[in-house]
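So you can see what is in the structure, the chains are spelled out below.
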Amino acid sequence: MLKQEEMETVRELIKDIDTAMLTTVTEEGLVSRPMKTQEVEFDGDLWFFTKKETDKYEEILHEQDVNVAYAGKSYVSIRGSAEIVSDLEKKKELWSKAYKKIMQTSYDSPDVVLIKIQAEAAEYWDTGNFTKKIAFMYKRMTGQSAKSTDINETVELKK
């Protein structure tokens, strides 16, 4: 299980990032696409809406390994396992008026499903701290090890 401190760090880094890039596996290779982040506090799971008629729906049915990348003041890459969830109550809980306009349907449509991603590991680059960012860049440019700046870390979320 993820340590509480690590969970809080990841939660803090992604909480204000509206759009994430979801990467799935296809027969041709990897494909990334933008997805609207749900306004749910990160607890180790990420949630996204989609429709059954999309490529990502089919891709997840065949291969559950995915990656979700966030870019904002910091950068976060979350590796995990995806599953399709059709639970009507969960869809209702996460639905907003914006989705009605974006998806041109309602949450109770049988074509609307959720993608639940159980995070396994997260790597992040905490660039929100200006001092750390400058120290990191300086050390990299001068050929020094930037490890001591603590700007990059990988945490295991699930064993």
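Here's what I pulled together on the structure shown here. If you're wondering where the values come from, they're calculated on a predicted model, not measured in any experiment. (Residues numbered from 1 in each chain as written. Predicted model: local features only at pLDDT ≥ 70, side-chain atom pairs only at ≥ 80, totals over all residues. Heavy atoms only, no water.)

Scanning the chain from N- to C-terminus turns up 5 helices and 7 strands. Reading the helices (α) and strands (β) of the chain from amino to carboxyl end gives α-β-β-β-α-β-β-α-α-β-α-β. Taking all 159 residues of the chain together, 41% fall into the buried category. Carbon together with sulfur atoms contributes 49% to the accessible area of the chain, which is approximately 9,800 Å² in total. (Helix = DSSP H or I, 4+ residues; strand = E, 2+ residues; numbered from the N terminus. Buried < 20%, exposed > 50% of the residue type's maximum accessible area, 1.4 Å probe, protein only. Areas by Shrake-Rupley, 256 points an atom, 1.4 Å probe, with all protein chains shown as cover.)

This next bit is on the layout of surface pockets. Reported here for the largest pocket is a volume of approximately 250 Å³. Surrounding the largest pocket, 15 residues form its lining, Lys15, Thr37, Gln38, Glu39 and Val40 being those nearest its centre. Elements supplying a minimum of two residues to the lining of the largest pocket: helix H1 (4–14) and strand E3 (45–51). A total of 3 residues in the lining of the largest pocket trace back to one element, the largest contributor, which is E3. Residue composition of the lining of the largest pocket, grouped by class: 7 nonpolar, 2 polar and 6 charged. (1 Å grid on protein atoms, 1.4 Å probe; cavity = no way out; pocket = protein on both sides within 12 Å on 5 of 7 lines; lining within 4 Å. Points joined across faces, edges and corners; volume = space filled by probe spheres on them. Nonpolar A, V, L, I, M, F, W, Y, C, P; charged D, E, K, R; others polar.)

Here we take up the packing of aromatic side chains. Summed over the entire model, instances satisfying the criterion amount to 4 aromatic pairs. Ring geometry for Phe49 against Trp95: centres 5.1 Å apart, planes inclined by 90 degrees, an arrangement best described as edge-to-face. Remark: Trp95 occurs in the loop between helix H3 (88–94) and helix H4 (97–103) and Phe49 occurs in strand E3; sequence separation between them is 46 residues. Each member of the pair, Phe49 as well as Trp95, is classed as buried. For the pair Phe49 and Tyr99, a centre-to-centre distance of 4.9 Å together with 50 degrees between the ring planes defines the contact as tilted. Taken together, the residues span a long stretch of sequence, with Phe49 in strand E3 and Tyr99 in helix H4 at a distance of 50 residues. (Phe/Tyr/Trp six-rings, centres within 6.5 Å; stacked < 30°, edge-to-face > 60°.)

Attention shifts here to the nonpolar core. Ranked by size, the top nonpolar core spans 23 residues in total, and within it Leu46, Phe48, Tyr70, Ile78 and Ile117 carry the most contacts. Non-local contacts of Phe48, meaning those with residues more than four positions away in its chain, are made with Ala20, Met35, Lys36, Thr37, Gln38, Val68, Tyr70, Val113, Leu114, Ile115 and Ile117. (Core = buried A, V, L, I, M, F, W, Y, C linked by side-chain atoms within 4.5 Å. Contact = heavy atoms within 4.5 Å.)

In this section: the pattern of salt bridges. Summed over the entire model, instances satisfying the criterion amount to 6 salt bridges. Salt-bridge contacts for Glu41 lead to Arg11; the nearest nitrogen and oxygen are separated by 3.6 Å. With Glu41 in the loop between strand E2 (30–36) and E3 and Arg11 in helix H1, this pair connects stretches of sequence that are 30 residues apart. (Salt bridge = Lys/Arg side-chain N within 4 Å of Asp/Glu carboxyl O.)

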